[in-house]
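Report on the structure
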Amino acid sequence: MQTEFTDVIRTFLETPLLARLSTIGADGYPHTVPVWFMLHEDEFVVISFRNTRKVRDIAANPKGAIMIGGEPQDGAGYLFKGDFTIVDDTDRYWTRALTLRYESGAQAEKDIADWSKQDMITIRLKPKMISKV
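What this report covers is the structure whose coordinates are included nearby.

Rules behind the numbers
- Residues numbered from 1 in each chain as written.
- Predicted model: local features only at pLDDT ≥ 70, side-chain atom pairs only at ≥ 80, totals over all residues.
- Heavy atoms only, no water.
- Phe/Tyr/Trp six-rings, centres within 6.5 Å; stacked < 30°, edge-to-face > 60°.
- Helix = DSSP H or I, 4+ residues; strand = E, 2+ residues; numbered from the N terminus.
- Buried < 20%, exposed > 50% of the residue type's maximum accessible area, 1.4 Å probe, protein only.
- Salt bridge = Lys/Arg side-chain N within 4 Å of Asp/Glu carboxyl O.
- Core = buried A, V, L, I, M, F, W, Y, C linked by side-chain atoms within 4.5 Å.
- Contact = heavy atoms within 4.5 Å.

On to the packing of aromatic side chains, then. Aromatic ring pairs are described here by two measures, namely the spacing of the ring centres and the angle between the planes. Scanning all chains against the criterion turns up ten aromatic pairs. A centroid spacing of 5.4 Å and a plane angle of 65° characterise the contact between F12 and Y78, whose relative ring orientation is edge-to-face. You can see F12 sitting in helix 1 (residues 7-13) and its partner Y78 sitting in strand 6 (residues 77-88), a full 66 residues away along the chain. Judged on exposure class, the residue F12 and its partner Y78 are both buried. Measuring from centroid to centroid gives 5.9 Å for F37 and F44, while their planes differ by 65°, and the two rings are edge-to-face.

And the structure:
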């Protein structure tokens, strides 16, 4: 198991695939949801509404994982484990950047405008362990 991003992994992560973010729920079981992601330096950045189960789970227990790829058409798949942190997105920088990564044109601008009225946060993960799936 590795702890560094290789050039191969960084290139793979440039593709805007959906990630699966897993947190540990209050019941002790994983809670997994699809999310948009972006790699910024050596951290994953995900946007979310503040009042979600994943955010509550992270506040109670920061341990979790992000899995990307793994489907036959993806060519690869990786599991990234570590501790999540929650950071406000007060200037909406990450909301805009992630929306434009996955959407374009009128739909992107509509979602950015709609989400600018919401309590958006970023979820960050700096992996401690990286493994191929």
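Turning our attention to the pattern of salt bridges. The tally for this structure, following the rule as stated, stands at ten salt bridges. With a shortest N-O distance of 2.7 Å, R50 and D119 are connected by a salt bridge. Of this pair, R50 sits in the loop between strand 4 (43-49) and helix 2 (53-60) while D119 sits in the loop between helix 4 (105-115) and strand 7 (120-132), and the two are 69 residues apart along the sequence. R50 sits in the partly exposed class, given a relative accessible area of 29%. For D119, a relative accessible area of 40% translates into the label partly exposed.

Attention now goes to the nonpolar core. By size, the foremost hydrophobic cluster in this structure holds 33 residues, and its most contacted members are L13, F44, I66, I68 and F80. Take this core: its biggest share by element is five residues, from strand 7. Ignoring sequence-local partners within four residues, the contact set of I68 consists of F12, L13, L17, L18, A19, F37, F44, A76, G77, Y78 and F80.

Without other data, these values stay purely geometric and don't point to any function.
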